[in-house]
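Listed below are the residues making up each chain.
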Amino acid sequence: MTTTDAPPTSAVFTTAVTLTPAEPVHFDLAFTAVTQPCPWPKAYGGDLVAQAAAAAMRSVADGKSLHSMHSYFLRPADIGAPVHYEVELLRDGRGYSTRQVRGFQNGKALYVCLANFAAGEPGGSFAAGPDLDLAVPAPEELPTSAEYLADRSGGSMTGTSKAYWSGGRGFDMRHVPGPVYLTVEGKQTPHQAVWLRPFDRLRPVDGLTDAQRDLAALAYVCDYTILEPVLRVLGLAWAMPGLVTASLDHAMWFHRPGPVDDWLLYVQEAVAADSGRGLGSGRFYTRDHRHLATVAQEGMIRA
């Protein structure tokens, strides 16, 4: 990826989750998808989660909605290269269905997940509020990543990584407290929040309904910042020379539908850090505090 004058676009995401049907080798259905450009040695983990979610959703034809995913990242994925996803139809019941998805590249499994689907039924409703330990300004009051980074430099940040953080991820992201790109802005607390929104209206994705595309969007964008509260509390920044991170495992629950084209508040917390690993959790809220989804992810953190 190189610096460009083209405006940032959410097409990065919709291109990532556009699947091509393929011939299955191991299981029942197969698709291929291509990982998107990024300035790191290996592909972004959210590509794999979102692509697997899309593959699983395309295998369910009875109207059930994805309500949970549990994933393991087995090997790093090559950038700009196709990943072959195989879907195993483990169970189709009246109320719930289960799928296993495995991603293969260069002949080896690099990702595996279980995805569960629910028909939905009448019942009580409850949603935990944001319960913030920090004041959260409106997104319009915060600088964009591009504005924040415009006159800053340092550490291991390059022109390519600066352009990527500024507009190459498909979503506008605005941090509270400030970002952890170059330094830890604010105190070393285990909490942060990120306002996020696609740079432009999400495009249709072949094989997915708009509601399914929106679920895939949450699965895609959640991985960018989920380890940041762990970095923040440890006093680490992304551009710290020698810092290496990698996603290890990931769990996500989708509670209710909601608009993804509008601003969402992603409230995050560091749960634990030790032995070169850190666990972060996060919850997605609409501007009116509707709780859409919950995420937990453990990652490797080498400083």
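- As annotated in an unreviewed UniProt entry, the protein carries the name Acyl-CoA thioesterase and comes from Kitasatospora cinereorecta.
- Heading Sequence similarities (unreviewed entry) of the UniProt record for the protein holds this comment: "Belongs to the C/M/P thioester hydrolase family."

### A look at the overall build of the protein
Logical step 1: When helices and strands are tallied, the protein shows six helices and 12 strands.
Logical step 2: What you see for the protein is a C-alpha radius of gyration of 18 Å, in line with the 19 Å of a compact globule of 303 residues.
Logical step 3: In terms of overall dimensions, the protein has a C-alpha envelope of 50 × 45 × 40 Å along the principal axes.
Logical step 4: Evaluated residue by residue, the protein yields a buried proportion of 50% over its 303 residues.

### Topic: the UniProt feature "domain: Acyl-CoA thioesterase-like N-terminal HotDog" (unreviewed entry) in the protein
Logical step 1: When the UniProt feature table is mapped to this numbering, "domain: Acyl-CoA thioesterase-like N-terminal HotDog" (unreviewed entry) covers residues 39-114.
Logical step 2: End C-alpha atoms of residues 39-114 are separated by 29 Å, and the span's content is 18% helix alongside 49% strand.

### Focus: the layout of surface pockets
If a probe as big as a water molecule is rolled over the atoms, it shows which places are left empty.
Logical step 1: Of the voids in this model, the largest pocket is the one considered here, and its volume is about 970 Å³.
Logical step 2: Along the walls of the largest pocket sit 35 residues, with Trp40, Lys42, Ala43, Thr245 and Ala246 positioned nearest its centre.
Logical step 3: Those elements that provide at least two residues to the lining of the largest pocket are helix 2 (45-58), helix 4 (159-167), strand 9 (244-254) and strand 12 (291-302).
Logical step 4: Considering every element that reaches the lining of the largest pocket, the biggest residue donor is strand 9, with five residues.
Logical step 5: Residues that form the lining of the largest pocket fall into these classes: 23 nonpolar, seven polar and five charged.
Logical step 6: The space that makes up the second largest pocket amounts to roughly 730 Å³.
Logical step 7: What lines the second largest pocket is a set of 33 residues, and nearest its centre among them are Ser65, Phe254, His255, Arg256 and Pro257.
Logical step 8: Among the elements that take part in the lining of the second largest pocket, helix 5 (residues 210-221) stands out by supplying five residues, more than any other.

### A word on the side chain of glutamate 228
Logical step 1: The residue glutamate 228 is located in helix 6 (residues 228-234) in this model.
Logical step 2: Although buried, glutamate 228 forms no salt bridge, and the nearest oppositely charged side chain, arginine 169, lies 5.3 Å from it.
Logical step 3: The contact partners of glutamate 228, leaving out residues within four places of it in the chain, are His175, Val180, Gln192 and Trp238.

### Digging into the pattern of salt bridges
Logical step 1: Applying the stated criterion to the full structure yields 10 salt bridges.
Logical step 2: As a salt-bridge pair, aspartate 261 and arginine 201 come within 3.0 Å of each other at their nearest N and O atoms. Of this pair, aspartate 261 sits in the loop between strand 9 and strand 10 (264-274) while arginine 201 sits in the loop between strand 8 (191-198) and helix 5, placing them 60 residues apart in sequence.
Logical step 3: For aspartate 261, a relative accessible area of 24% translates into the label partly exposed.

### A few points about the sheet that holds strand 10
Logical step 1: Overall, antiparallel pairing links the 12 strands, which are arranged 1-2-4-5-6-3-9-12-11-10-8-7 in an open sheet. Every interior strand has two partners, whereas the edge strands, strand 1 (20-22) and strand 7 (171-176), have only one. Here the average twist between neighbouring strands, direction ignored, is 25°.
Logical step 2: Across eight bridges, the pairing between strand 4 (residues 82-92) and strand 5 (residues 96-105) is antiparallel. For tyrosine 85, the partnering residue across the bridge sits in strand 5 and is glycine 103.

### Some words on the packing of aromatic side chains
Logical step 1: Tallied over the full model, the rule gives 13 aromatic pairs.
Logical step 2: Here the aromatic cluster, defined as three or more aromatic residues joined through ring pairs, consists of Phe13, Trp40, Tyr44, Tyr148, Tyr164, Trp165, Phe171, Tyr181, Tyr220 and Tyr224.
Logical step 3: Over the ring of tyrosine 224 we find arginine 169, and its NZ or CZ is 5.2 Å from the ring centre.
Logical step 4: A cation sits over an aromatic face here: arginine 287 above tryptophan 195, 5.6 Å from the ring centre.

### Some words on unusual backbone geometry
Logical step 1: Proline 177 follows valine 176 through a cis peptide bond whose omega is -10°.
Logical step 2: Of note, proline 177 is situated in the loop between strand 7 and strand 8.
Logical step 3: The phi torsion at asparagine 106 lies on the positive side, around 55°, for a residue other than glycine.
Logical step 4: The residue asparagine 106 is located in the loop between strand 5 and strand 6 (108-118) in this model.
Logical step 5: Judged by relative accessible area, asparagine 106 falls into the exposed class, the value being 64%.
Logical step 6: Despite not being glycine, serine 275 has its phi angle at roughly 55°, a positive value.
Logical step 7: Classification of serine 275 by relative accessible area gives exposed; the value is 59%.

About the thresholds
- Residues numbered from 1 in each chain as written.
- Predicted model: local features only at pLDDT ≥ 70, side-chain atom pairs only at ≥ 80, totals over all residues.
- Heavy atoms only, no water.
- UniProt positions renumbered as here; feature names shortened; annotations may be inferred.
- Helix = DSSP H or I, 4+ residues; strand = E, 2+ residues; numbered from the N terminus.
- Rg over C-alpha atoms; globule rule 2.2 N^0.38 Å.
- Buried < 20%, exposed > 50% of the residue type's maximum accessible area, 1.4 Å probe, protein only.
- 1 Å grid on protein atoms, 1.4 Å probe; cavity = no way out; pocket = protein on both sides within 12 Å on 5 of 7 lines; lining within 4 Å.
- Points joined across faces, edges and corners; volume = space filled by probe spheres on them.
- Nonpolar A, V, L, I, M, F, W, Y, C, P; charged D, E, K, R; others polar.
- Lys, Arg positive; Asp, Glu negative; His and termini not counted.
- Salt bridge = Lys/Arg side-chain N within 4 Å of Asp/Glu carboxyl O.
- Contact = heavy atoms within 4.5 Å.
- Pairing = 2+ DSSP bridges.
- Axes fitted to C-alpha atoms, helices over the stretch in contact; angles between N-to-C directions.
- Phe/Tyr/Trp six-rings, centres within 6.5 Å; stacked < 30°, edge-to-face > 60°.
- Lys NZ or Arg CZ within 6 Å of the ring centre and 35° of its normal.

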